[in-house]
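Residues per chain, in single letters:
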Amino acid sequence: MGRRGYPPEFRRKVLDLLEAGRKVTDLAHDLEISSQTIYTWRRQDRIDRGLEPGLTSSEKVELAVAKRRIAELETELQATRRAIELVREVVPPKGGSRPSR
């Protein structure tokens, strides 16, 4: 099973080394991480600084939180709808037919 992620401090140090003139391939080899990971970090850093278009890191976090909340609300709505169906099966509607006297 692979790593879940790298600490933000580590990413920042790698990006600082890139800006200092180190090559992606050298850093990847020395730090035993993929060069694609470093390219991804560099691109996201450029987006966060407004140098490239795209979702910033904070916008990505906000979007993920919103998607989780939407999923929770959809689950609650589905459960509520099912509960309403079950109640309708058990409880006769108001004003329905009454037994004759």
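Residues numbered from 1 in each chain as written. Predicted model: local features only at pLDDT ≥ 70, side-chain atom pairs only at ≥ 80, totals over all residues. Heavy atoms only, no water.

Undergrad: For this particular structure, what's the right way to read the overall build of the chain?
TA: Scanning the chain from terminus to terminus reveals 4 helices and 0 strands. The linear arrangement of helices and strands in the chain, starting from the amino end, is α-α-α-α. Taking 2.2 N^0.38 as the reference for a compact globule, 101 residues should give roughly 13 Å; the C-alpha atoms of the chain span a radius of gyration of 27 Å, well beyond that estimate. With respect to the principal axes defined by its C-alpha atoms, the chain has extents near 95 × 35 × 20 Å. When the 101 residues of the chain are sorted by exposure, 12% land in the buried category. In the chain, 28% of the contacts between residues at least 6 apart in sequence involve partners at least 24 apart. Taken as a whole, the chain presents about 8,900 Å² of accessible surface, with 55% of it coming from carbon and sulfur. Of the side chains in the chain, 21 bear a positive and 16 a negative charge, and the two mean positions are spaced by 8 Å. (Helix = DSSP H or I, 4+ residues; strand = E, 2+ residues; numbered from the N terminus. Rg over C-alpha atoms; globule rule 2.2 N^0.38 Å. Buried < 20%, exposed > 50% of the residue type's maximum accessible area, 1.4 Å probe, protein only. Contact = heavy atoms within 4.5 Å. Areas by Shrake-Rupley, 256 points an atom, 1.4 Å probe, with all protein chains shown as cover. Lys, Arg positive; Asp, Glu negative; His and termini not counted. Charge placed at Lys NZ, Arg CZ, Asp CG, Glu CD.)

Undergrad: Is there a simple way to explain the packing of helix α1 (residues 8-19) against helix α3 (residues 35-48) in this structure?
TA: Helix-helix packing: each pair is described by the crossing angle between the helix axes and the interaxial distance. At a minimum axis separation of 10 Å, α1 and α3 run at an interaxial angle of 85°. Between α1 and α3, the crossing angle belongs to the class labelled roughly perpendicular. Where α1 abuts α3, its residues Phe10, Arg11, Arg12, Val14, Leu15, Leu18 and Glu19 lie against Ile38, Trp41, Arg42 and Asp45. In the contact of α1 with α3, the residues fall into 6 nonpolar, no polar and 5 charged. (Axes fitted to C-alpha atoms, helices over the stretch in contact; angles between N-to-C directions. Parallel < 35°, antiparallel > 145°, perpendicular 65-115°, else oblique. Nonpolar A, V, L, I, M, F, W, Y, C, P; charged D, E, K, R; others polar.)

Undergrad: Sorry, what's going on with the nonpolar core here?
TA: Buried together is how nonpolar side chains tend to be arranged in soluble globular proteins. Residues Val14, Leu15, Leu18, Val24, Leu27, Ala28, Ile33, Ile38 and Trp41 constitute the largest nonpolar core, which totals 9 residues. At the level of secondary structure, the elements contributing two or more residues to this core comprise α1, α2 (24-31) and α3. In this structure Ile33 touches Tyr6, Phe10, Ala28, Ile38 and Trp41, once residues within four positions along its chain are discounted. (Core = buried A, V, L, I, M, F, W, Y, C linked by side-chain atoms within 4.5 Å.)

Undergrad: Explanation requested: the UniProt feature "coiled-coil region" (unreviewed entry) in the chain in the structure shown.
TA: Under the UniProt annotation, "coiled-coil region" (unreviewed entry) lies at residues 56-90. A helix fraction of 97% and a strand fraction of 0% characterise residues 56-90, whose end C-alpha atoms lie 51 Å from each other. (UniProt positions renumbered as here; feature names shortened; annotations may be inferred.)

Undergrad: Would you take a moment to explain the packing of α2 against α3 for this structure?
TA: With their axes 8 Å apart at the nearest point, α2 and α3 run at an angle of 120° to one another. Taken together, the axes of α2 and α3 lie oblique to each other. Between α2 and α3 lies a crossing of right-handed hand. In contact with Val24, Leu27 and Ala28 of α2, α3 contributes Ser35, Ile38, Tyr39 and Arg42. (Left-handed = near helix turned anticlockwise from the far one by under 90°.)

Undergrad: What should I look at first to understand a nonpolar patch on the surface in this one?
TA: A cluster of nonpolar side chains, Val87, Val90 and Val91, forms an exposed patch at the surface whose accessible area comes to about 290 Å². For Val87, the position within the fold is in helix α4 (residues 57-90). On the accessibility criterion, Val87 (49% relative accessible area) is partly exposed. (Patch = residues over 30% accessible without salt bridge, like charges linked within 9 Å, V, L, I, M, F, W, Y side chains within 5 Å. Salt bridge = Lys/Arg side-chain N within 4 Å of Asp/Glu carboxyl O.)

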